[in-house]
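# A structural walkthrough
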Amino acid sequence: DWIGFNPAYVGTVARSAQDKMQEVVSVKDFGAVGDGVTDDTAAIQAALNYAGTLGNAGVYVPSGKNYLFTSTLTLPSGVRLFGDGSERGVGGLKSNVIGSPLINVANGYYSSIEKLNIYHATPASANTAIQLIDNDGAGGTDPAQYFRARNVRIIGLVTGVRIANESTWCVFEDVHA
């Protein structure tokens with residue numbers, strides 16, 4: 001059966017609840033626990049990958065939780081990774097990745113990271129929080145373009161953002177490292 005969603009605003013149209021819910025994917029939809037102890041890497045990456053298949057979808061990281069990941073995450077093209085803010089106590093993405101970037105934005109056309117805390121479990125033991133890279137490593141053939149970071153708080157990393165190769169037209173607003 002069709003379950004409808006009809007916003008209570010003038011000029012809106014009814015559509016399926018499933019269609020409405022696909023606009024934003026939560027990391028919890030893929031099994032992320034967010035207790036700061038359980039490894040949520042697979043769940044977070046699965047949510048990012050799924051959003052990448054939808055095109056222009058968002059991946060929501062609910063507040064008040066710390067989602068632990070143990071290997072580099074890749075942000076697909078056109079995906080918006082976001083939370084509820086970058087203040088203290090909001091929670092966010094907690095990493096224990098050593099020697100590698102926490103998040104790679106590869107071939108990231110119109111991707112973004114917004115309203116999110118990104119921090120390392122062991123301060124100053126990891127190199128880079130967000131790295132914009134060339135997807136195939138060939139030097140500028142698939143650079144990240146039109147990436148946006150807004151209201152992001154990076155804690156405990158040696159480098160906040162690294163822009164590699166020929167990434168262009170990227171915007172950074174209210175990014176604290």
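Residues numbered from 1 in each chain as written. Predicted model: local features only at pLDDT ≥ 70, side-chain atom pairs only at ≥ 80, totals over all residues. Heavy atoms only, no water.

## Comments concerning the nonpolar core
To be explicit about the condition: The definition of a nonpolar core used throughout is a set of buried Ala, Val, Leu, Ile, Met, Phe, Trp, Tyr and Cys residues joined through side-chain atoms within 4.5 Å. Any residue under 20% of the maximum accessible area for its type is buried, any over 50% is exposed, and the rest in between are partly exposed; the area is computed with a 1.4 Å probe on protein chains only. Every helix listed is a DSSP run of H or I at least four residues long, and every strand listed is a run of E at least two residues long, numbered separately from the N terminus. The contact criterion used is simple: two residues touch if any of their non-hydrogen atoms lie within 4.5 Å.
Among the nonpolar cores identified, the biggest contains 34 residues, and L75, L81, L93, I103, I113, I118 and I130 are the most heavily contacted of them. Only α2 (41–54), β6 (65–69), β7 (73–75), β10 (103–106), β11 (112–120), β12 (126–133) and β13 (148–155) provide two or more residues apiece to this core. Here the element with the most residues in this core is α2; it accounts for five residues. Residue contacts for L81: discarding those within four places in its chain leaves L48, V59, V61, L75, L93, I103, S112, I113, E114 and L116.

## Notes on the pattern of salt bridges
Counted only if it meets this: For this document, the term salt bridge refers to a Lys or Arg side-chain nitrogen within 4 Å of an Asp or Glu carboxyl oxygen.
Throughout the structure, instances matching the rule amount to three salt bridges. Of the charged contacts in the structure, one is a salt bridge between R80 and E114, with a shortest N-O distance of 3.4 Å. In this pair, R80 is assigned in strand β8 (residues 80–82) and E114 in strand β11, connecting sequence segments 34 residues apart. Accessibility expressed as a relative area gives 30% for R80, which makes it partly exposed. Judged by relative accessible area, E114 falls into the buried class, the value being 7%. Between R150 and E114 there is a salt bridge, and its shortest N-O distance comes to 2.8 Å. You can see R150 sitting in strand β13 and its partner E114 sitting in strand β11, a full 36 residues away along the chain. The network of salt bridges with common partners includes R80, E114 and R150.

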